[in-house]
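This is what each chain is made of:
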Amino acid sequence: MNNYKTGIQARHTFLQSAREFLAAHDFLEIQTPKISFMPTDQDAHLFKIDYFGNSAYLVQTPQFYKQAHVINGISSVFEVAPVFRAEPRVTPRHLSEFTSLDIESSRFSQLEEILTFESDLIGLATKELSKAMDIKPIETFEVAEYKNVKKMLGLSDSEQITNVHEPVISKLFKADGIFIINYPSNERSFYYEDCDGISLSFDLIVRGMEVTSGGVRTTSKESLLRKMKRDKIDPARYMPYLNMFDSTVPVHGGFAIGVERIILKYLQLNDIGDVIPYSKKPGTNTEALIWKP
């Protein structure tokens, strides 16, 4: 099997099916900037660039931009686009540049609504894939609480679930995908809503690898500032984002699917670099345009 050709065909069918599903649910496709003056995630994983003498970043996620669309009155949006992570590790799961399917909507006011929507999307898209490929679709899902998964793994209260545990988690459940919910708020990004110290967010592990994160967003500027202080984040770097919450905004939520990762797990390949040609990992400094057989 030519992995690149198969991967390209699988990506095309998956994304075409996802676009049709989202359009049928009245989502609008958007395009957002890939150069930003605000960081959106961990500083250690930012690609910093010189923008005509000013500091800027390659976008790690369109998170703030897709929220801005919803807050400005476009109720449901999605984007398929590259994102960039300065991830120094060379592993079978990490890329410096990858494709993200990002989804955001003011229809998502409850975490359960997001889980159901994503289950339906992935199930439909991979069933379409399976019409052309003799591979089982990703169609069964379970929901598990973070504290219960930790107990199953034998982790102490002070230990966190990491990517090392993901293959084990998939073996503990019978489903293709496991939604892990009810993380402690202090283990999650500041822009997730929380309730009594529990984050209204989730990770989705598919066949031994996390492919999605998402949740309900915080819509209170006071709450955002409180969590930024908790995480030792300087609010001054995020003022354009924070200023969106000076007035009442709709409750909303969303998620992002790592396209290469979900195709990797669907095709049951060993390395994410085998899914697409021209993949970027630390140490990549050449680009052969002719694929090796």
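This text goes with the structure placed above it.
In this text, all values refer to a predicted model and were calculated from it rather than measured experimentally.

Caption draft 1: Seen up close, the overall build of the chain. Helix and strand counts for the chain come out as eight helices and 13 strands. Taken over the C-alpha trace, the chain has a radius of gyration of 19 Å; the compact-globule value for 293 residues is 19 Å, and the two agree within 12%. C-alpha extents for the chain along the principal axes are approximately 55 × 50 × 40 Å. Here the chain, with 293 residues, has 50% of them falling under the buried criterion. In the chain, 69% of the contacts between residues at least 6 apart in sequence involve partners at least 24 apart. Considering the chain, the positive charge centre built from 33 side chains and the negative charge centre built from 38 side chains are found 3 Å apart.

Caption draft 2: Representation of the nonpolar core. Ranked by internal contacts, the top residues of the largest apolar core, which has 45 residues, are Leu22, Leu101, Ile103, Phe117, Leu121, Phe202 and Ile263. Examining the composition of this core, we find that eight residues originate from one element, helix α3 (residues 111-132), more than from any other. Beyond its immediate stretch of four places on either side in the chain, Leu22 contacts Phe27, Phe78, Leu101, Ile103, Phe117 and Leu121. Judged by nonpolar contacts, the second largest core, of 15 residues, contains Phe64, Tyr241, Met244 and Phe245.

Caption draft 3: Quick look at the sheet that holds strand β4 (residues 54-58). Ordered in space as β2-β4-β3, the three strands form an open sheet in which the pairing is antiparallel. On the outer flanks of this sheet lie β2 (35-36) and β3 (47-51), each paired with one strand and no other. Here β2 pairs with β4 via two bridges, running antiparallel. Residue pairing for β4: Ile35 is matched across the bridge by Leu58.

Caption draft 4: Expanded view of the sheet that holds strand β7 (residues 141-145). Taken in spatial order, the eight strands make up an open sheet running β1-β5-β6-β13-β12-β11-β8-β7, and their pairing is mixed. Each edge of the open sheet is held by one strand with a lone partner, namely β1 (28-29) and β7. Contacts between helix α1 (residues 3-24) and the sheet are confined to β1, β5 (76-84) and β6 (97-105), with β6 contributing the most and set at about 15° to the helix.

Caption draft 5: How the structure looks around helix α8 (residues 259-267). Among the nine residues in α8, nine count as buried, and that is most of the element. Regarding α8, the residues found buried are Val259, Glu260, Arg261, Ile262, Ile263, Leu264, Lys265, Tyr266 and Leu267. Along its buried surface, α8 packs onto α1, β6, α3, β11 (201-206), β12 (209-216) and β13 (253-258). Backbone geometry just downstream of α8 places Gln268 in the positive-phi region, at approximately 60°.

The rules behind the values
Counting starts from 1 at the beginning of each chain's written sequence and moves along it residue by residue. Only residues with pLDDT of at least 70 get local features here, since the model is predicted, and only at 80 or more are side-chain atom pairs given and counted; chain-wide, interface and lining totals rely on the full set of residues. Calculation of side-chain values draws on the structure's entire complement of heavy atoms; hydrogens and water are dropped beforehand. Comment: elements are numbered from the N terminus, with helices defined as DSSP H or I runs of at least four residues and strands as E runs of at least two. Only C-alpha atoms enter the radius of gyration; for comparison, a globular chain is expected to reach 2.2 Å times N to the power 0.38, where N is the number of residues. Partly exposed residues are those whose accessible area sits between 20% and 50% of the maximum for their type, while under 20% is buried and over 50% is exposed, using a 1.4 Å probe and protein chains only. Contacts were defined at the residue level, with two residues in contact if any of their heavy atoms lie within 4.5 Å. This count recognises Lys and Arg as positive and Asp and Glu as negative, with His and chain-terminal groups excluded. To locate a charge, the coordinates of NZ of Lys, CZ of Arg, CG of Asp or CD of Glu are taken. Residues grouped as a nonpolar core are buried Ala, Val, Leu, Ile, Met, Phe, Trp, Tyr and Cys residues, joined through side-chain atoms within 4.5 Å. Pairing between strands is defined by DSSP: at least two bridges between the two strands are required. Axis definition: a line fitted to C-alpha atoms, limited for helices to the stretch in contact. Angles are taken between N-to-C directions and run from 0 to 180 degrees.

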